2 protein chains.
Amino acid sequence: MAIIAIDLGGTRIKTGVVKNGEVEHLFIKEIAPNKPLSTYIPFIKERVAYLKKELNGEIKGLGIAFPGLVDTDKNSIIDTSGKYEDAPEFDLATWVKQELGLAVKIENDARLACLGEWQYGAGNKSPDMVMFMLGTGIGTSAIIDNKLLRGKHYQAGVLGGHFIMDYHNTKDVCSCGKYGCLESIASTWRVDQLAKAHHLYSKSNLTKLNKINIASIFSIENETDELAKHLREHCMYVWALGIVNLIHAYDPSVVVVGGGVMHSESVIMPFLKDIIKNRAWCPSGLPEIVTSAYPDTAALIGIEVLFKN
Amino acid sequence: MAIIAIDLGGTRIKTGVVKNGEVEHLFIKEIAPNKPLSTYIPFIKERVAYLKKELNGEIKGLGIAFPGLVDTDKNSIIDTSGKYEDAPEFDLATWVKQELGLAVKIENDARLACLGEWQYGAGNKSPDMVMFMLGTGIGTSAIIDNKLLRGKHYQAGVLGGHFIMDYHNTKDVCSCGKYGCLESIASTWRVDQLAKAHHLYSKSNLTKLNKINIASIFSIENETDELAKHLREHCMYVWALGIVNLIHAYDPSVVVVGGGVMHSESVIMPFLKDIIKNRAWCPSGLPEIVTSAYPDTAALIGIEVLFKN
């Protein structure tokens, strides 16, 4: 039996059918950021109808990856951190059941990426695993003793981007409204601000861009650019220390690093591994640090795993 | 059946008998810091012999709380972070079995304090709990789904004092040999350095002390001292943010704050709760923040819990 999977990302919605860890009928819709969920309800309805027809009724259910906090007991969205802001008020689970006639499960996108990598990808079914996802923000998740860590209020594991790593900073507000978080020091949305405030900016190729993000500083055109290099090293250094904190918290067998920027893994992975090796305090052993096997589809694949558990 | 319990602390060794969460025959030995474990082997032998005699053979076993990393599968000490430095080379478990003729279990002291508070104290048997212990350093531990979190290499939960919270600091070395850790910003061993380097030092009562520690800045004599007040607020602020990071990592129902300094809980707890409330990003709920029920004996009590599991 197949699962229909939808990943509601910050800039893209991915849909597909997952069976035995393989994604079929993958369709990616580029979207404008910060639009409400209601904008995309017709698209979801139309896409699911198409997939139901293609699958001819052989469907176990529909899973949705959401970029925010999800109450997995009530199958409801708790908090959105600025994306699809109407989602907590829109009863998505009931809508799916009534309008699409499918069993439904909703879960945080980083948790689903973690499940996907764990069962079918770089996590290699390790009993203890951490996922570190570089997207618009920084998404994290953890498997402890072969089980997804959720915590008392569904917040455990997914707040790795909001560990405080600059304790005396009370100026630079993070996406969560707080200060000093990892994500507020080195994420795609922070990089634009850092670049434009830097003294090397006027001499940099980055001036040609309207909006600077992680992809821009890692692009081939910016390989020899002094500011881009500085920002790359700043981000990789901070990500490495962020991973050290997750290692100190969960002591996993393996850390899987994912997200679109991992297309530059040949630059990123040696840098991260070097810093982690030097800065993690792990006298009895370090985890393996590996690249995501499915940087673009791990969350979709994870939806199938969610339905199995 | 009773358990003989020994807590090998940084400045004190506590011994006693534990039965149903009650400590009897408590004996506390003040010790010089940084001595090897072998120094105290005769004391342990003599004390256990006395307790065995008192108990007249009704003993389930001997448990040892150790201030470092412990391999609980092999019952061996992995790392000491400067205390009882010969411990990894001394086969304590075999020595206990052969010389004292008792079943033995060794575990990290913060984990045992966590178990003690969880079953008999402020943790109130919550399925998800975090322990935050203010001692010579900062000890932490976590219960997840009614189980002590240990991780792949026995490091999970206990490294909360070594979360990096000052990412750009590569000058001030922590007790672990790394930089920017919580413990290197606000712990009893750091306070002495911070005080002596401060511009208010020459006008402070703290000049009267040879060694300044957390207890000195919280003492009644220093209540109106400007530098002591500054250091108190610095420490409490950083501890609060350290607890925020643990909340973000584990999302517990309850955080238990312990350690000798909690005799000043009337000053510390309102301060911590206020900062945590403002700085934790927990849209779906905050844990309770409570004071340890057994600031001095939680680890001894936890040894009984360890033998039950």
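Residues numbered from 1 in each chain as written. Chains lettered and ligands numbered in written order. Predicted model: local features only at pLDDT ≥ 70, side-chain atom pairs only at ≥ 80, totals over all residues. Heavy atoms only, no water.

1. Looking at the overall build of chain A
Then, number 1: Looking only at helices and strands, one finds 9 helices and 12 strands in chain A.
Then, number 2: The C-alpha radius of gyration of chain A comes to 19 Å, within 12% of the 19 Å expected for a compact globule of 309 residues.
Then, number 3: Its C-alpha atoms put chain A at 60 × 45 × 35 Å along the principal axes.
Then, number 4: Long-range contacts, defined here as pairs at least 24 residues apart, represent 60% of the contacts in chain A between residues at least 6 apart.
Then, number 5: Put simply, chain A shows about 12,300 Å² of open surface, and 48% of that area lies on carbon and sulfur atoms.
Then, number 6: When the 32 basic and 35 acidic side-chain charges of chain A are each reduced to a single mean position, those positions are 2 Å apart. (Helix = DSSP H or I, 4+ residues; strand = E, 2+ residues; numbered from the N terminus. Rg over C-alpha atoms; globule rule 2.2 N^0.38 Å. Contact = heavy atoms within 4.5 Å. Areas by Shrake-Rupley, 256 points an atom, 1.4 Å probe, with all protein chains shown as cover. Lys, Arg positive; Asp, Glu negative; His and termini not counted. Charge placed at Lys NZ, Arg CZ, Asp CG, Glu CD.)

2. Some remarks on the interface of chain A and chain B
Then, number 1: Contact with chain A, which involves 53 residues of that partner, is made by 54 residues of chain B.
Then, number 2: Of all residues in chain A, I164, Y167 and W281 of chain A give up the largest surface area on contact with chain B, accounting jointly for 19% of the area buried on that side.
Then, number 3: Applying the counting rule to chain A against chain B returns 2 salt bridges.
Then, number 4: In this structure, K147 of chain B and D145 of chain A form a salt bridge, with 2.7 Å as the shortest nitrogen-oxygen distance.
Then, number 5: Linking chain A with chain B are 35 residue pairs in polar contact (both at pLDDT 80 or more), by the criterion used here.
Then, number 6: Of all the secondary-structure elements, those providing two or more residues to the side of chain A that touches chain B are β6 (76–79), α7 (226–250) and α8 (265–279) of chain A. (Buried area = accessible area lost by both parts, 1.4 Å probe. Salt bridge = Lys/Arg side-chain N within 4 Å of Asp/Glu carboxyl O. Polar contact = N/O pair within 3.5 Å; in protein donor to acceptor, adjacent residues only side chain to side chain.)

3. Some remarks on the sheet that holds strand β7 (residues 104–108) of chain B
All names here are of chain B.
Then, number 1: Read across the open sheet, the 5 strands follow the order β3-β2-β1-β4-β7; overall the sheet is mixed. A single partner strand is all that each edge strand has here, and the edge strands are β3 (22–30) and β7. Across the sheet, the mean angle from the axis of one strand to that of its neighbour is 15°, orientation sign disregarded.
Then, number 2: Across 6 bridges, the pairing between strand β1 (residues 2–8) and strand β2 (residues 12–19) is antiparallel. Among the inter-strand pairings, A5 is bridged to a residue of β2, identified as G16.
Then, number 3: Its contacts with the sheet put helix α3 (residues 109–120) on β1, β4 (59–66) and β7, and the angle it makes with β7 is roughly 100°. (Pairing = 2+ DSSP bridges. Axes fitted to C-alpha atoms, helices over the stretch in contact; angles between N-to-C directions.)

4. Overview of helix α9 (residues 298–308) of chain A
Structurally, the α-helix is built with 3.6 residues per turn, so residues lying three or four positions apart point the same way.
Then, number 1: Most of α9 of chain A sits out of view: 10 of its 11 residues are buried.
Then, number 2: All of the buried residues along α9 of chain A are A298, A299, L300, I301, G302, I303, E304, V305, L306 and F307 of chain A. (Buried < 20%, exposed > 50% of the residue type's maximum accessible area, 1.4 Å probe, protein only.)

5. Some thoughts on the side chain of E183 of chain A
Residues and elements named next belong to chain A.
Then, number 1: With respect to the secondary-structure elements, E183 resides in helix α4 (residues 182–185).
Then, number 2: For the buried E183, which has no salt bridge, the nearest side chain bearing the opposite charge is K83, at an N-O separation of 6.4 Å.
Then, number 3: In this structure E183 touches G137, I138, G161, H162, C174, S175, W189 and R190, once residues within four positions along its chain are discounted.

6. What to know about the packing of helix α7 (residues 226–250) of chain B against helix α8 (residues 265–279) of chain B
All names here are of chain B.
Then, number 1: Remark: α7 packs on α8, axes separated minimally by 9 Å, with the N-to-C direction vectors making an angle of 50°. Taken together, α7 and α8 sit at an angle that is classed as oblique. Where α7 crosses over α8, the two elements pack in a sense that is right-handed. On α8, the residues touching E233, M236, Y237, W239, A240, L241, I243, V244, I247 and H248 of α7 are V267, I268, F271, L272, I275, I276 and R279.
Then, number 2: The class makeup of the residues in the contact of α7 with α8 is 14 nonpolar, 1 polar and 2 charged. (Parallel < 35°, antiparallel > 145°, perpendicular 65-115°, else oblique. Left-handed = near helix turned anticlockwise from the far one by under 90°. Nonpolar A, V, L, I, M, F, W, Y, C, P; charged D, E, K, R; others polar.)

7. Considering the nonpolar core
Then, number 1: In this structure, W239 of chain A together with W239 of chain B are the most contacted members of the largest nonpolar core, which totals 102 residues.
Then, number 2: For W239 of chain B, the residues in contact, after removing those within four places along its chain, are F132, L134, I138, A186, I214, F218, I268 and L272 of chain B. (Core = buried A, V, L, I, M, F, W, Y, C linked by side-chain atoms within 4.5 Å.)

8. Structural notes on the relation of the copies chain A and chain B
Then, number 1: When chain A is brought onto chain B, the operation consists of a screw motion whose angular component is 180° and whose axial shift is 0.0 Å, with 0.0 Å RMSD remaining. Seen this way, the second copy is the image of the first under a two-fold rotation axis. Measuring from the rotation axis to each C-alpha of chain A, the shortest distance belongs to M165 of chain A, at 2.0 Å.
Then, number 2: When the interface residues of chain A are mapped onto chain B, 100% of them again lie at the interface, so the same face is used by both copies. (Least-squares fit on C-alpha atoms with pLDDT ≥ 70 in both.)

9. With respect to the pattern of salt bridges
Then, number 1: Under the definition given, this model contains 15 salt bridges over all chains.
Then, number 2: K211 of chain A is the partner of D192 of chain A in a salt bridge, and the nearest nitrogen-oxygen pair spans 3.9 Å. With D192 of chain A in helix α5 (residues 188–196) and K211 of chain A in the loop between α5 and α6 (214–217), this pair connects stretches of sequence that are 19 residues apart.
Then, number 3: For D192 of chain A, a relative accessible area of 9% gives the class buried.
Then, number 4: Between E107 of chain B and R111 of chain B there is a salt bridge, with the nearest N and O atoms lying 3.1 Å from each other. Taken individually, E107 of chain B and R111 of chain B each receive the classification buried, so the pair is uniform in this respect.
Then, number 5: Among the charged side chains, a network of salt bridges with common partners joins E107, R111 and R150 of chain A.

10. A word on the environment of D166 of chain B
Then, number 1: By secondary structure assignment, the location of D166 of chain B is in the loop between β10 (147–148) and α4 (182–185).
Then, number 2: Separated by 81 residues in the primary sequence, D166 of chain B and I247 of chain B place their C-alpha atoms 18 Å from one another.
Then, number 3: Residue contacts for D166 of chain B: discarding those within four places in its chain leaves M165, Y167 and H168 of chain A together with G180 and I185 of chain B.

11. Thoughts on helix α2 (residues 92–100) of chain B
Residue and element names in this part refer to chain B.
Then, number 1: Looking at α2, one finds that the buried residues are L92, A93, W95, V96 and L100. Taken around the axis of α2, the buried residues stretch over an arc of 165°, which confines them to a single face.
Then, number 2: Looking at the buried side of α2, the elements it contacts are α1 (41–55), β4, β6 (76–79) and β7.
Then, number 3: Directly beyond the C-terminal end of α2, a positive phi value near 65° is found at G101. (Arc of directions from axis to C-beta.)

In short, geometric facts, not functional conclusions.
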